[in-house]
Structure formats: C-alpha cells, structure tokens
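# Examining the three-dimensional arrangement
Each chain, written out:
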Amino acid sequence: MANDSKTWRCGKYELSFDRPRIMGVLNVTPDSFSDGGEHFDPDAAIEYGLAMLDAGADIIDVGGESTRPGFTPVNPDEEARRVLPVVRALAKEGAIVSIDTRHVAVAKAAVRCGASIVNDVTGFTDPKMVEFVKTSTCGVIVMHAGEVAAPARTHATVQLDTSAAAFVAEKAREAAAEAAREAEKPARRRRGKLLGDPKPEAKLPGGVVQPSLPFGDPEPASEPTDELGQETPGAEQAAPAADTAAPEATPATPEPAPEPNDRLAAMMRRSARREEAYVPTSQLRRFTLPDSAPIMRRVMGFLSDQARTLIHAGVSRDRICIDPGPGFGKTANEDIVIQRETAKMASLGYPLMCAVSRKRFVGAVSGVTEAAARDAATFGVCLGAIQAGANIVRVHDVTGFAQFLNGYWAVAKPQPRRAFVAVGSNLGHRCDNIRAARDMIAEIPLTCVSNCSRIYESEPAYETHQDAFANAVIEIKTELAPLVLLDELQKIELELGRDRSKKAKVNGPRTIDLDLLWMDGETHGGKKLRLPHPLIGERDFVLVPLEDLMHDPARFFRYNGVEVKEPEDRVGHIVGELGRM
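Everything in this summary refers to the structure shown in the same document. (Residues numbered from 1 in each chain as written. Predicted model: local features only at pLDDT ≥ 70, side-chain atom pairs only at ≥ 80, totals over all residues. Heavy atoms only, no water.)

### Remarks on the overall build of the chain
In terms of regular secondary structure, the chain is built from 17 helices and 18 strands. Counting over 581 residues, the chain shows a buried share of 47%. In the chain, 71% of the contacts between residues at least 6 apart in sequence involve partners at least 24 apart. With the model as given, the accessible surface of the chain reaches about 29,600 Å², and the carbon-plus-sulfur share is 53%. (Helix = DSSP H or I, 4+ residues; strand = E, 2+ residues; numbered from the N terminus. Buried < 20%, exposed > 50% of the residue type's maximum accessible area, 1.4 Å probe, protein only. Contact = heavy atoms within 4.5 Å. Areas by Shrake-Rupley, 256 points an atom, 1.4 Å probe, with all protein chains shown as cover.)

### Re empty space enclosed by the protein
Across all of its chains, the model carries three cavities of 30 Å³ or more by this definition. Taken as a whole, the second largest cavity holds about 50 Å³ of empty space. As for the second largest cavity, its lining consists of Pro 324, Pro 326, Gln 339, Thr 342, Met 345, Leu 352, Met 353, Cys 354, Ala 355, Ala 385 and Ala 390. In terms of residue class, the lining of the second largest cavity is made up of nine nonpolar, two polar and no charged. (1 Å grid on protein atoms, 1.4 Å probe; cavity = no way out; pocket = protein on both sides within 12 Å on 5 of 7 lines; lining within 4 Å. Points joined across faces, edges and corners; volume = space filled by probe spheres on them. Nonpolar A, V, L, I, M, F, W, Y, C, P; charged D, E, K, R; others polar.)

### Things to note about the layout of surface pockets
Of the pockets and cavities examined, the second largest pocket occupies roughly 1,000 Å³. As for the second largest pocket, its lining consists of 41 residues, of which Val 506, Asp 513, Asp 515, His 533 and Arg 539 are closest to the centre. Of all the elements in the fold, those that place two or more residues in the lining of the second largest pocket are β13 (417–425), β16 (469–478), α15 (482–495), β17 (513–519) and α16 (540–546). In the lining of the second largest pocket, the residues fall into 17 nonpolar, nine polar and 15 charged.

### Focus: unusual backbone geometry
Among all residues except glycine, the phi angle is most often negative; among peptide bonds, the trans geometry is most common. Following Leu 531, the chain continues to Pro 532 via a peptide bond in cis, the omega torsion being -10°. Phi at Leu 446 is positive, roughly 60°, even though this residue is not glycine. Summarising the element assignment, Leu 446 is placed in the loop between α14 (430–441) and β14 (447–452). On the accessibility criterion, Leu 446 (37% relative accessible area) is partly exposed. Its identity as a non-glycine residue notwithstanding, Tyr 462 has a phi of 70°, on the positive side. Relative to the helices and strands, Tyr 462 resides in the loop between β15 (455–458) and β16.

### Some remarks on helix α8 (residues 292–313)
Taking 1.5 Å of rise per residue, 22 residues should cover 32 Å, and α8 covers 31 Å from first to last C-alpha, within 8% of that figure. Among the residues of α8, those classed as buried are Ser 292, Ile 295, Met 296, Val 299, Met 300, Phe 302, Leu 303, Ser 304, Gln 306, Ala 307 and Leu 310. On the buried face of α8, the contacting elements are α4 (127–134), β7 (139–143), β10 (320–323), α9 (332–340) and α10 (342–346). Measuring from the side-chain oxygen of the N-cap residue of α8 to the backbone nitrogen of Ala 293 gives 3.3 Å; that N-cap residue is Asp 291. Directly after α8, the chain includes Gly 314, whose backbone phi takes a positive value near 120°. (Expected span 1.5 Å × (residues − 1). Polar contact = N/O pair within 3.5 Å; in protein donor to acceptor, adjacent residues only side chain to side chain.)

### Focus: the sheet that holds strand β12 (residues 392–395)
Two orientations exist for strands paired in a sheet by backbone hydrogen bonds: parallel and antiparallel. Taking strand neighbours across the sheet as the criterion, the eight strands line up as β10-β7-β6-β5-β4-β3-β12-β11 in an open arrangement whose pairing is parallel. Two strands lie at the open edges of the sheet, namely β10 and β11 (353–354), each paired on one side alone. Judged from the five bridges that link them, strand β3 (residues 21–27) and strand β4 (residues 59–63) form a sheet pairing that is parallel. Within the sheet, the bridge partner assigned to Asn 27 lies in β4 and is Gly 63. Here helix α13 (residues 398–412) sits on the sheet in contact with β3 and β12, set at roughly 170° to β3. (Pairing = 2+ DSSP bridges. Axes fitted to C-alpha atoms, helices over the stretch in contact; angles between N-to-C directions.)

### Some details on the pattern of salt bridges
As enumerated under the stated definition, the model contains 34 salt bridges in all. Between Asp 18 and Arg 417 there is a salt bridge, with the nearest N and O atoms lying 3.9 Å from each other. Of this pair, Asp 18 sits in the loop between β2 (13–16) and β3 while Arg 417 sits in strand β13, and the two are 399 residues apart along the sequence. For Glu 78, the salt bridge goes to Arg 81, with nearest N and O atoms at 2.7 Å. You can see Glu 78 and its partner Arg 81 sitting in helix α2 (residues 76–92), three residues apart, about one turn around the helix. Accessibility expressed as a relative area gives 24% for Glu 78, which makes it partly exposed. Each of Asp 18, Arg 19, Arg 21, Asp 58, Arg 417 and Glu 522 takes part in salt bridges that share partners, so that together they form one network. (Salt bridge = Lys/Arg side-chain N within 4 Å of Asp/Glu carboxyl O.)

### Side note on the packing of aromatic side chains
Evaluation of the coordinates by the stated rule reveals seven aromatic pairs. Over the ring of Tyr 350 we find Arg 317; its NZ or CZ atom is 4.1 Å from the centre of that ring. (Phe/Tyr/Trp six-rings, centres within 6.5 Å; stacked < 30°, edge-to-face > 60°. Lys NZ or Arg CZ within 6 Å of the ring centre and 35° of its normal.)

### Notes on the pairing of β15
Pairing of β15 with strand β18 (residues 574–579), which is carried by four bridges, proceeds in the antiparallel orientation. Paired with Glu 457 across the two strands is Gly 576, which belongs to β18.

### Some details on helix α3 (residues 104–112)
Within the sequence span of α3, burial applies to Val 104, Val 106, Ala 107, Ala 109 and Ala 110. Summarising the contacts, the buried residues of α3 are in contact with α2, β5 (96–100), β6 (117–120) and α4.

### Quick look at the environment of Pro 42
For Pro 42, the location among the structural elements is in helix α1 (residues 42–55). Distance from Pro 42 to Ala 89, taken between C-alpha atoms, is 9.7 Å for residues 47 residues apart in sequence. Once residues lying within four places of it in the same chain are set aside, the contact partners of Pro 42 are Pro 85 and Val 86.

### Points about the state of the cysteines
Throughout the structure, instances matching the rule amount to zero disulfides. The thiol sulfur of Cys 138 is not disulfide-bonded, and the nearest other cysteine sulfur, from Cys 10, lies at 8.4 Å. Here Cys 138 falls in the buried class, since its relative accessible area comes to 2%. (Disulfide = S-S within 2.5 Å.)

### Quick notes on the packing of α2 against α3
Packed helix pairs are characterised by how far apart their axes lie and by the angle those axes make with each other. Running from N to C, α2 and α3 cross one another at 20°; their axes reach a closest spacing of 10 Å. With respect to their mutual orientation, α2 and α3 come out roughly parallel. Two packed elements cross with a definite hand, and for α2 against α3 that hand is right-handed. Across from Pro 76, Glu 79, Ala 80, Val 83, Leu 84 and Val 87 in α2, the residues of α3 making contact are Val 106, Ala 109 and Ala 110. A class-by-class count of the residues in the contact of α2 with α3 yields eight nonpolar, no polar and one charged. (Parallel < 35°, antiparallel > 145°, perpendicular 65-115°, else oblique. Left-handed = near helix turned anticlockwise from the far one by under 90°.)

### Regarding the packing of α1 against α2
At a closest axis distance of 9 Å, the pairing of α1 and α2 adopts a crossing angle of 35°. Once α1 is placed against α2, the crossing between them reads as right-handed. Across from Pro 42, Ala 45, Ile 46, Gly 49 and Leu 50 in α1, the residues of α2 making contact are Pro 85, Val 86, Ala 89 and Leu 90. Each residue belonging to the contact of α1 with α2 can be placed in one class, and the counts come to eight nonpolar, one polar and no charged.

This is how it looks when you write it as structure tokens:
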C-alpha cells in the first residue's frame, strides 16, 4: 500500500507517502491527446495549474511536448518558450513542479526557474541528462518507453509426406538443383571448401541420407533495432541499394521523418500504426493475456538498470522515482499485465508512479472511445495500483480524483495526523471567540482537539492601526486531507462572523481568524493553502504560543524548511498573557 516508509527528496522538498500523492497533468501544448490546446496560452496554463493545486494536487507536471502516438517532435527552444513562464509562476506560489521533458537544455532551464523534479520519458538514457541531474538536488522520474515483447513469429503449416515415393522424388529434385548450380557458377574455394555449396546432408545410421524437410524459406531477418525499436543506421543505408536494384518500381510515398535519431518519435509512430492496423484474428489462444514474465523482465530490468546508473553517477537513491510508462510502445494487453504486477515494481524500493490517466488501454477495458471521458475508468485503475503499492498518481482530473481518493482513504485507512491551527481575534469578546472556535474545531468530522496553548495578547501585525489581538494555537489530530480541513476551518470563521468580503482588509480587524500552520507529512503550494504556512517564522504571536505545545518550535520549523527570524525581527510581538484556553 502507499502507506509506507518511502520518502522522495525533490530539491528543497521531501515527500512522504503516508498517503498517495496526486500529480496534476499540465500540458502546455497544442496537440496533447486529451486536452491539446486548452492550456497552450501561458496565462491559461498558470491559472489552471493553480486551480489544480487548490483542488488537491501535490505536484504539477508541466510538459511542452506531446508524446502521444504519432507525435511531432518539438525543438528544445520552442519547448522552453512554452514551459518556463509556467514553471516560474507555479514555483513562486510554493508548488512542487515537475518538468516533463527529454531535452537536457529544457530540464536545466526549468530547474533554474524553480522546478523540483525532472520527469524524463526516455528514462535518463541520455548521458548528458544524467550528468546534469547528478549535479543538482532535484527529484528524478525514470520512465520506461519502448516495446516490451518481440512480435510472435508465424510459420506456415507443414505437411510431411514420409512415403518412399516422396523420398525418391525429393532426392531427384535435389540432384537436379545441384547439377544446375554446378553448371551456372564457377567454383570458388576458400580454406579448402567450396563456397556456395549447400551444407552436407546429415547421415543417419546405416549410411542413409536424411533429406531436407520442406519447411520453406526462412523469414527474412528483421531490421536491426535499438532499445526503443528505432531502425539502426545500417538498416537505413540498405534502403538505397534496394531502390537501385529495382528502378522501375514506383516509390512509395515517404512518411514524414522525425528529427534525426529521434527514437521516441519513431517508436510512438509504430505504436500508432499497430493500433490503426489491428484487425481481429481467428487464431485461438489459451490465455487472455500474454505471459507476464518476459514483459516484466524488460520493464523492471530497464528501470532497475537506469536507477543503478543514476546512483553510480552520484544521484542519491531517495531522489529516484520509477514509472513503467503505460502506453509508450505497449499494447493494451501488455499495459494490463504491467499494472497487475504493480506490487513487484513497488518491491524495488523506489517511489512508484501510476501514470495511466486517459490512456488507450483504459479506454479498451472500459469501452470509452473519447480520451477526455475516461476519468472514471482511470480512477478505477489508479485505485488498483494504489492498493498494490503505487505512491504517486498522475491524473488529468485532479478535482475528481482528489474527491475519489479522500472518500476511499477516509474509510479504508485510519490515519490520524498531527496539525496546528493558529487562532486570533480582536473584535468582540476575544477570549470567548477563541474558546468557541476551539469547541467547533472539536466537532469537525474525523478531528479532535488534543492540546491548547494559553491565550496571549499581541501587538497587531501588518495593519498596525487596530486593537490588540488575542492569540492561541490549538493542536489537533485529524484524518482529513489538508484542503478539506481548511474548508471546515473557513466554515467556522463564517459562522463566528468573519468578514471575507472584498471590502474587508486582509490583515484588518476580525472576529476570528483560523490559520492551518502545519500538518504532519504535508507540503503544499497554491493560492488557497500553503503548508507549512509561509509566515510562521516571522510571527511572534504564533511562535510563542507554540512553545506551550512543543519544545523549541523555531528549531522544529527550521528543520521543516521554514526560515525562522530572531525574536527582535518578528511581527506581532506578545505583550501579555490573557489566561488558559
């Protein structure tokens, strides 16, 4: 299950997997297979990325090149122009941003702009990409892209005739063929043997010669291919010779070629052709799916080898995540086999990604043709992967999947987590307002109040021309997701008379103010919620009450990546104590 001890270090962030993490897909492209063009404009992409964060995404995966079957490769300069403004804006809002690219120049620029993860669809097979990530601190995603099983060789049915007449006829044909060969070409000898002569017939006991059985001509050897299935230069050089030998033949219309040596584009074109050319066959099979062993040997072997390559190059193990690459050169049957073996891939010990959202095989098993309509089926496949050990789920519909996951997790996984809520008031009966908020927090579903600080009086911060505040911090345990808990806290604010209209000052007077400061194992960015709260380290009216609940809160939050200022440099200084909660 996803509730395990793995952690993933991604730059300044560290993700734990006490619950599955959601990666939102943000395609800044005109031609992605399910949402091409919707977020091609940088401003639209930034707005959508922030909306996914507010809906529950833990990571935003930004890509500027579609890798759909039959895709057109994008120049790295154009890819960078598309993605860098988006990466910079989302990182500024505290988001964990992943750059989905196979070009090292784009990866370098994105990391400089704030990206924390490099998601390489070619699995870091480019030595330059390995050289770059070993000098950085970003997280890396090793993905498998390529065919996982060799095509089955078919043979014509052979009918053997063992009669004496057939044997004599066969020997006569062989003798005639031998005589014709001897008459047509001169004998050439090398090392004492006749070149071009057939292999000697095998002799059975008693001197009887066994004839060659009529299996027919062997299949021509397939063109040599590399790991992704791209034809090697040797195969390309053979083509002109064939054209010269048959000048009268009408040349076929050439297929648009990708960039030179673009193995991924060639592999995905072949994948598209296989899908388009597939026709049902009457050939009977004993099993509904191919044997998993050879498929998983290739997928897990590649992922393990590439992860070890990165480790040997100097990338720490806790920075590496693996992804089997559903849809990249794989048939629907092969993708199902791989998904059913999720537990085996999770046993490799690296954080494991499930990136099946809206893929072709999801449509095949659900009967849904349109990619954008496959979200419900996607959720089902993702749930199976989570139960088998997947840690990160990459989806297009973050809002829907976050609701789906929160509902499932609340029932299936009892998981109370520690959190701190800051409470403040400077209108009405301040201490009574704080106590009322405490009682209402205790009524939130799957939540309890475990401890409270004393109530302190503090100077107003930011907006200094207002009455002094009463402040406290409440320690809770909750099983709700952070954004769900925040919604409950804001409901309490409204019920107690908090004015959230546009005319109200952001830091002005308020009946009650509830801020979610920190939650165990949670890092989050966006407009709606930032965790840890980005202003903890400068607020004396928060750090002093926290001293009632933990030893040395300044050290605790520094360890969690928060910059904590010295007391004299903080705002909202504590000036007195108002009593116990």
